[in-house]
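# Close look at the chain arrangement
What follows is the residue order along each chain.
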Amino acid sequence: MLVHALLPARCLACGRVVDEQGSLCEVCWKGLRFIGGDLCRICGRPREDGRPGDLACAECADEPPAYDIARAALVYGTVGRSLILSFKHGGRIAGASTFARWMVDAGRPMLTDGSLLLPVPAHRWRLFARGFNQAALLAGHVARQTGLVCLPDTLRRVRRTVSQQGLGSRERRANVTPGAFAVAGRDAHAIADRPVVLIDDVLTTGSTVNACSVILRRAGACRIGVLTLARVAQDETQPI
Ligand SMILES: [Zn+2]
Ligand SMILES: [Zn+2]
């Protein structure tokens, strides 16, 4: 595209000029933390308990989430955070296809044949302000790369909640309830007895995807996965 040819390519995280569209500068690339090693088999949080095997973390063993499995490509650290903020608010969307490739890698255990991809819906007014839903954009690319079906309008927001920016984890949990989401009536049959994968940019407290999972379970989804670009690994109260 002409516009792209005229504008210099910028690092997806920090905005420094780079050689290639949709890439990161050397400094940011080095600071990016991909998630690997021993993970909680449910929430995908890196486990640092030193125990081998397919185990759940203490939090999930204590109180299992409403979804069955969650995986993320990156730790929501310094670079992961700027990457997502530039993507979400700065319109730096050239990385969407790269992000989706990382997500497909991380999401292998749940991206099985017949799984339906459902982006976490954005608020209508936020969608209007931003011009796009970053979760839907990622889900579209994951669909293209895997051949799975994406249903972008099946999950809906039915009540406006206040922005979670600047809220602590307890306030966030209180801010999103299952009543905030619904499955569009005409699509309810599409979910019944199917494995579904919720797609979002970042997993923080899990309150949003838990609320969505409750609704999807009620609609008959047989397995609920959550796939995000990044997740908060240590400090669950770190604000977005
Ligand atoms: Zn950079
Ligand atoms: Zn866990």
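Heads up: the structure comes first, above all this text.
A quick note: this is a predicted structure, and the numbers were derived from the prediction, not measured.

Analysis parameters
- Residues numbered from 1 in each chain as written.
- Chains lettered and ligands numbered in written order.
- Predicted model: local features only at pLDDT ≥ 70, side-chain atom pairs only at ≥ 80, totals over all residues.
- Heavy atoms only, no water.
- Helix = DSSP H or I, 4+ residues; strand = E, 2+ residues; numbered from the N terminus.
- Buried < 20%, exposed > 50% of the residue type's maximum accessible area, 1.4 Å probe, protein only.
- Contact = heavy atoms within 4.5 Å.
- Areas by Shrake-Rupley, 256 points an atom, 1.4 Å probe, with all protein chains shown as cover.
- Donors = N, O, S within 2.8 Å, 3.2 Å for Na, K, Ca; no water.
- Tetrahedral: all angles 85-135°; square planar, octahedral: opposite > 155°, others 65-115°.
- Salt bridge = Lys/Arg side-chain N within 4 Å of Asp/Glu carboxyl O.
- Pairing = 2+ DSSP bridges.
- Axes fitted to C-alpha atoms, helices over the stretch in contact; angles between N-to-C directions.
- Phe/Tyr/Trp six-rings, centres within 6.5 Å; stacked < 30°, edge-to-face > 60°.
- Polar contact = N/O pair within 3.5 Å; in protein donor to acceptor, adjacent residues only side chain to side chain.
- Lys, Arg positive; Asp, Glu negative; His and termini not counted.
- Core = buried A, V, L, I, M, F, W, Y, C linked by side-chain atoms within 4.5 Å.

### Side note on the overall build of the protein
Scanning the protein for helices and strands turns up 10 helices and 7 strands. For the protein, the proportion of its 240 residues judged to be buried stands at 50%. Considering only residue pairs separated by 6 or more positions, the protein has 75% of its internal contacts joining residues 24 or more positions apart. About 11,900 Å² of surface is accessible on the protein, with carbon and sulfur atoms providing 52% of the total.

### What about the coordination of the zinc ion (ligand 1)?
For a metal with four tetrahedral donors the ideal donor-metal-donor angle is 109.5 degrees, whereas six octahedral donors ideally subtend 90 or 180 degrees. Taken together, the protein ligands of the zinc ion (ligand 1) are C11 (SG), C14 (SG), C25 (SG) and C28 (SG), with distances of 2.3 to 2.4 Å. Around the zinc ion (ligand 1), the 4 donor atoms are arranged such that angles at the metal cover 103 to 116°; this shape is classified as tetrahedral. Mapped onto the polypeptide sequence, the residues donating to the zinc ion (ligand 1) form the spacing pattern C-x2-C-x10-C-x2-C. Here C28 lies in helix α2 (residues 26-31) and C11 lies in the loop between α1 (2-6) and α2, a separation of 17 residues in the sequence. Taking the relative accessible area as the measure of exposure, C11 reaches 0% and is therefore buried.

### Quick look at the coordination of the zinc ion (ligand 2)
Taken together, the protein donors to the zinc ion (ligand 2) comprise C40 (SG), C43 (SG), C57 (SG) and C60 (SG), at separations of 2.2 to 2.3 Å. For the zinc ion (ligand 2), the 4 donor atoms in the first shell make angles of 107 to 115° at the metal, a pattern classed as tetrahedral. All donors of the zinc ion (ligand 2) belong to a single chain; written as a sequence motif, their spacing is C-x2-C-x13-C-x2-C. The residues C57 and C60 share a single accessibility class, namely buried.

### Considering the pattern of salt bridges
In the structure shown here, the tally under the stated rule is 7 salt bridges. Between E26 and K30 there is a salt bridge; the shortest N-O distance is 3.5 Å. With E26 and K30 both in helix α2, this residue pair falls 4 residues apart, about one helical turn. When sorted by exposure, E26 lands in the same class as K30, which is exposed.

### Some words on the sheet that holds strand β1 (residues 69-75)
In spatial order, the strands read β1-β7-β6-β2-β3; together these 5 strands make up an open sheet with parallel pairing. Every interior strand has two partners, whereas the edge strands, β1 and β3 (149-150), have only one. The pairing of strand β6 (residues 195-203) with strand β7 (residues 223-231) spans 8 bridges and is parallel. In the strand pairing of β7, V196 is matched with I224. Of the strands in this sheet, β2 (116-119), β6 and β7 are in contact with helix α10 (residues 207-218), which crosses β6 at around 165°.

### Notes on the packing of aromatic side chains
Per the stated rule, a full pass over the model turns up 5 aromatic pairs. Taking 6.1 Å as the distance between ring centres and 45° as the angle between the ring planes, the aromatic pair formed by W29 and W102 counts as tilted. Note that W29 is positioned in helix α2 and W102 in helix α5 (residues 96-106), a separation of 73 residues in sequence. By relative accessible area, W29 is classed as partly exposed at 44%. Between F99 and W102 the ring centres are 5.7 Å apart and the planes differ by 45°, which places this aromatic pair in the tilted class. Taken together, the residues F99 and W102, both in helix α5 and 3 residues apart, mark about one turn of the helix. With a relative accessible area of 0%, F99 lands in the buried category.

### Quick look at the environment of R71
Position of R71 among the secondary structure elements: in strand β1. The sequence separation of R71 and R41 amounts to 30 residues, and the corresponding C-alpha distance is 9.0 Å. Looking at R71, its side chain comes within polar contact range of the main-chain oxygen of R41, at 3.4 Å.

### Looking at the side chain of D200
Relative to the elements of secondary structure, D200 occurs in strand β6. With no salt bridge to any partner, buried D200 finds its closest opposite charge in R157, at an N-O distance of 6.3 Å. Those residues in contact with D200 that lie beyond four places of it in its chain are M103, V120, Q134, A135, L138, L227, T228 and L229.

### Things to note about the nonpolar core
If you look at the biggest cluster of nonpolar residues, it comprises 39 residues, and the most contacted ones within it are L24, L83, W102, L111 and I199. Looking at this core, the elements that each hand over two or more residues are β1, α4 (78-88), α5, α7 (134-146), β6 and β7. A per-element tally of this core places α5 first, with 7 residues. When near neighbours in sequence (up to four residues on either side) are disregarded, L83 contacts L12, A13, L24, L32, L74, F99 and W102. In terms of nonpolar packing, the next biggest core, distinct from the first, is built from 29 residues, I42, C57, C60 and V183 among them.

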